[in-house]
2 protein chains.
Amino acid sequence: MKILVLGGDGFCGWPTSLHLSQLGHEVFIIDDFSRRRIDVELEVDSLTPIQPLSVRLDAWQRVSGKRIGFAHLDICADYDRVLEVIGSFSPDAIVHFAEQKSAPYSMKSTWHKRYTVSRNTSATTNLLCALLDAGVDAHVIHLGTMGVYGYESAGLMLPEGYVDAILEDPKGRLSKRRILYPFDPGSVYHTTKTLDALLFYYFNKQDGIRVTDLHQGIVWGTSTKDTELSEDLINRFDYDGDFGTVLNRFLIQAAVGFPLTVHGSGGQRRAFINIRDTVRCIELALMSPPSSGSQVRVLNQMTEVHRIRDLARLISRLFRVEVNSVSNPRTEDEENALDASCDGLVQLGLKPTLLEEGLLRELEYIARKYHHRVDSSRIPSQSLWSHRFK
Amino acid sequence: MKILVLGGDGFCGWPTSLHLSQLGHEVFIIDDFSRRRIDVELEVDSLTPIQPLSVRLDAWQRVSGKRIGFAHLDICADYDRVLEVIGSFSPDAIVHFAEQKSAPYSMKSTWHKRYTVSRNTSATTNLLCALLDAGVDAHVIHLGTMGVYGYESAGLMLPEGYVDAILEDPKGRLSKRRILYPFDPGSVYHTTKTLDALLFYYFNKQDGIRVTDLHQGIVWGTSTKDTELSEDLINRFDYDGDFGTVLNRFLIQAAVGFPLTVHGSGGQRRAFINIRDTVRCIELALMSPPSSGSQVRVLNQMTEVHRIRDLARLISRLFRVEVNSVSNPRTEDEENALDASCDGLVQLGLKPTLLEEGLLRELEYIARKYHHRVDSSRIPSQSLWSHRFK
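For the structure given in this document, a descriptive report is provided here.

Reading guide: rules and limits
- Residues numbered from 1 in each chain as written.
- Chains lettered and ligands numbered in written order.
- Predicted model: local features only at pLDDT ≥ 70, side-chain atom pairs only at ≥ 80, totals over all residues.
- Heavy atoms only, no water.
- Axes fitted to C-alpha atoms, helices over the stretch in contact; angles between N-to-C directions.
- Helix = DSSP H or I, 4+ residues; strand = E, 2+ residues; numbered from the N terminus.
- Parallel < 35°, antiparallel > 145°, perpendicular 65-115°, else oblique.
- Left-handed = near helix turned anticlockwise from the far one by under 90°.
- Contact = heavy atoms within 4.5 Å.
- Nonpolar A, V, L, I, M, F, W, Y, C, P; charged D, E, K, R; others polar.
- Phe/Tyr/Trp six-rings, centres within 6.5 Å; stacked < 30°, edge-to-face > 60°.
- Buried < 20%, exposed > 50% of the residue type's maximum accessible area, 1.4 Å probe, protein only.
- Lys NZ or Arg CZ within 6 Å of the ring centre and 35° of its normal.
- Pairing = 2+ DSSP bridges.
- Buried area = accessible area lost by both parts, 1.4 Å probe.
- Salt bridge = Lys/Arg side-chain N within 4 Å of Asp/Glu carboxyl O.
- Polar contact = N/O pair within 3.5 Å; in protein donor to acceptor, adjacent residues only side chain to side chain.
- Expected span 1.5 Å × (residues − 1).
- Least-squares fit on C-alpha atoms with pLDDT ≥ 70 in both.
- Bend = angle between axes of the 7 residues up to and from the residue.

A short note on the packing of helix H6 (residues 110-134) of chain B against helix H7 (residues 188-207) of chain B
When two helices pack together, their arrangement is captured by the angle between the axes and the distance separating the axes.
Residue and element names in this part refer to chain B.
Now for step 1: Where H6 meets H7, the closest approach of the two axes is 9 Å, and the angle between their N-to-C directions is 20 degrees. Overall, the two elements H6 and H7 adopt an arrangement that is roughly parallel. Of the two elements, H6 crosses H7, and the hand of that crossing is right-handed. Residues Lys113, Thr116, Val117, Asn120, Thr121, Thr124, Thr125, Leu128, Cys129 and Leu132 of H6 form the contact with H7, whose participating residues are Val188, Tyr189, Thr192, Leu195, Asp196, Leu199, Phe200, Phe203 and Asp207.
Now for step 2: Partitioned by chemical class, the residues of the contact of H6 with H7 number ten nonpolar, six polar and three charged.

A short note on the packing of aromatic side chains
Now for step 1: Applying the stated rule across the entire model yields 14 aromatic pairs over all chains.
Now for step 2: Relative to A:Tyr115, the ring of A:Tyr105 lies with its centre 6.3 Å away and its plane at 80 degrees, an arrangement referred to as edge-to-face. Of this pair, A:Tyr105 sits in helix H5 (residues 103-106) while A:Tyr115 sits in helix H6 (residues 110-134), and the two are ten residues apart along the sequence. For the pair A:Tyr105 and A:Tyr115, a shared accessibility class is recorded, and that class is buried.
Now for step 3: Ring geometry for B:Trp111 and B:Tyr115: centres 5.1 Å apart, planes at 10 degrees, overall stacked. Pair noted here: B:Trp111 and B:Tyr115 are both in helix H6, with a separation of four residues, about one helical turn.
Now for step 4: Feature note: the residues A:Tyr105, A:Trp111, A:Tyr115 and A:Phe243 constitute an aromatic cluster, connected by ring pairs.
Now for step 5: The ring of B:Phe89 has B:Lys2 sitting right over it, with the charged end atom 5.7 Å from the ring centre.

A few points about the sheet that holds strand E2 (residues 26-31) of chain B
Strands in a sheet are paired, the pairing made by backbone hydrogen bonds, and the direction either parallel or antiparallel.
Residues and elements named next belong to chain B.
Now for step 1: Ordered by their spatial adjacency, seven strands build an open sheet running E3-E2-E1-E4-E5-E8-E12, and the pairing between neighbours is parallel. Both edges of this open sheet fall to strand E3 (69-72) and strand E12 (297-301), since each of them pairs with a single strand only. For this sheet the average axis-to-axis angle between neighbouring strands, irrespective of direction, equals 20 degrees.
Now for step 2: Those strands touched by H6 are strand E1 (2-6), strand E4 (93-96) and strand E5 (139-145), and its axis lies near 170 degrees from that of E4.

As for the interface of chain A and chain B
Now for step 1: If you look at the interface, chain A gives 70 residues, while chain B gives 69 residues.
Now for step 2: For the pair chain A and chain B, the summed buried area comes to about 5,800 Å², and 60% of that belongs to carbon and sulfur atoms.
Now for step 3: The tally of links between chain A and chain B comes to six salt bridges.
Now for step 4: For B:Asp339, the salt bridge goes to A:Arg173, with nearest N and O atoms at 3.1 Å.
Now for step 5: Remark: the boundary between chain A and chain B carries 35 residue pairs in polar contact (both at pLDDT 80 or more).

Thoughts on helix H10 (residues 308-319) of chain A
Side chains three or four residues apart in an α-helix point the same way, a direct result of the helix having 3.6 residues per turn.
Residue and element names in this part refer to chain A.
Now for step 1: Here H10 contains twelve residues, and its C-alpha end-to-end distance of 16 Å stays within 8% of the 16 Å for a straight helix at 1.5 Å per residue.
Now for step 2: Those residues of H10 that sit buried are Ile308, Leu311, Ala312, Leu314, Ile315, Ser316 and Phe319.
Now for step 3: On its buried face, H10 sits against helix H8 (246-256), strand E10 (260-263), strand E11 (269-274), strand E13 (304-307), strand E14 (323-326) and helix H12 (355-370).
Now for step 4: Positive phi shows up at Arg320, right after H10, with a value of about 50 degrees.

Observations regarding the relation of the copies chain A and chain B
Now for step 1: Taken as rigid bodies, chain A and chain B are interconverted by a rotation of 180 degrees and an axial shift of 0.0 Å, the fit giving an RMSD of 0.0 Å. These values place the two chain copies in the arrangement generated by a two-fold rotation axis.

A short note on H12(A)
All names here are of chain A.
Now for step 1: Given a rise of 1.5 Å per residue, 16 residues ought to cover 22 Å, and the 21 Å separating the end C-alpha atoms of H12 matches this to within 8%.
Now for step 2: Helix geometry: H12 is bent most strongly at Leu363, by close to 40 degrees.
Now for step 3: Among the residues of H12, Leu355, Gly358, Leu359, Glu362, Leu363, Tyr365, Ile366, Ala367 and Tyr370 are the ones counted as buried.
Now for step 4: On its buried side, H12 packs onto strand E9 (218-220), H8, E13 and H10.

Re the environment of A:Cys129
Now for step 1: Relative to the elements of secondary structure, A:Cys129 occurs in helix H6.
Now for step 2: With relative accessibility at 0%, the residue A:Cys129 sits in the buried group.
Now for step 3: The spacing of A:Cys129 and A:Leu83 is 46 residues in sequence and 8.9 Å in space, taken between C-alpha atoms.
Now for step 4: If near-sequence neighbours (up to four positions away) are discounted, A:Cys129 is found in contact with A:Tyr79, A:Phe203, B:Thr110, B:Lys113 and B:Arg114.

Some points on the environment of B:Pro290
Residues and elements named next belong to chain B.
Now for step 1: Summarising the element assignment, Pro290 is placed in the loop between helix H9 (275-287) and E12.
Now for step 2: According to the relative accessible area criterion, Pro290 is buried, its value standing at 9%.
Now for step 3: Between the alpha carbons of Pro290 and His139 there is a distance of 7.8 Å; along the sequence they are 151 residues apart.

Take a look at the structure:
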């Protein structure tokens, strides 16, 4: 299969590209290195010493004998050249990671809000339009987020995208429908994924573009079998307050003896997935594309739900480190129920990597090995979700 | 009241600015003349001889003694200068017309799709962010469209934004909620108004920005009491295939003896409103802003529902002109029921201008007077809603 990976230099995009290449697919990456430029802006760096993409690609060829193509293009700004790549490569599938993916980053300032909306909506719109222009009927696999649903489900299990609903009109007449579960995003970043969902809805309905929207939980872990094949293939590990996800931040805090910072009560329940399962989920979605004419397929890409304070306690116990409660910079409920369906990917064959199993490996492989690279001043989260007129 | 009108040089924006100024409000217009530039692109012109904005503003001062301020700014590109205007003018309300508003234009090519998404989402995002940056708690009145709901309501009356729903989760558990009526846009343009609705939802929830989203029907008519005060104040009248709305196109076709072009069976039911009611609705929304902390207010800004072929027959009978059925360039149901609630604005005091009443005036005032300016080659619609992969 020919697979174009947009954002293939990133945290999820890189191990996905390797995994798909390893499976024998012809992989081509488009990336504009915007994630690396944000590191420069924030004056942070991956904990792990990631190599420039050209070094990564050479290393991959050396260890696997397989070549991954690459074009340095900004899908938002270089529409015509992206169209050329799509036209000449003619992919069977496109994995779309090319979006600004941090909620705290999207909340740093109004510049960051505007950047995130503009970048993410134009990346998605340009991709969909390029498929129309090129006449390439590729399956689009997009990385969404569980956060489109919001975290207050009032006792309901979150479905995979769609929910059965009975609507009651102003005259009391009823109509039964299957609708997209009503969105309730908690940050500007999460809002952009709801905008994406509507763009997919429309272009699927109008033009028949086949889309799988994978609403991913919080990713933890770093390495996959492929990235472990060479030090030059190492994946990024973010631990800073903007891009570091909660479990990875706890791991590095544990490794350097920094107290685990729990925002508020830590009663927030969130959905998690290991990076090894991320790459496998994308493989599974690729292997069973939606049929022509079917609506957007939505799958929840997550394997476990945990309360933040339970994770902190687990790591605190395992690694004998304190837990500190700090004030919560986000606007969110500090206690929520979360029950979410994730049957779709399991039915396609996913066998989840459990937290207990992966946790120690992560600590050994990454946190202990590279903890001398930690800049502790970058650990606290600085972005505030402040209310302007409330 | 101090009122900023974004897009105040346009078809709805101009008569709204005059109306609000006439009522004694302090009005300031921001416009980048993008609508006039699109006329240049499409090689069409308003049927009515509209004057440059500076001439319009001078004429208004002459006939009314009132000044309307103006800054030539692109809200998408000139964020900092828009922020300056908002900060120094400190409006009580902002009427947001600054979007690409034609569905056929948005479907002309992928360039037009991308332009419409980019322009409309960035206009709205920039406006919301500028309010946060300026610390100005202005009431935002946005012109949405009835088209966000779609036209297949399966026997339900379309509500005003929100609908009571019972959701059933994958385990069969039920939850009653009041949700945004599920969107089903029929063009890229309509899709952008659904994106706007989610942006308003988020910034209202997070930051307390007060928003009224007016989901407008198809506007017909041209003149208002204010625009009739001087020939230099005349409003634009579009009759071309992209920007001309159906009833105005029928009027001009009748005036020049061009057969009325009905797309498909003409069984499409659509919601209509006269331009005089548009300006009055905005006044009414301004006079009763949503209170601090309340959710986005959604009102349907329409007064009548008609089938397209009934309108064609009415005009055909009145003006003795033929009706031609042409193939429908749009992807839409050619027969639909449409029942929509529009109580909100009536409760606020709207007294609708009925079709029969306004129709003859329009024909006399506009179509007969300026029909020598018609370029018949511009009447047919050229944009196709073609399916790419279906």
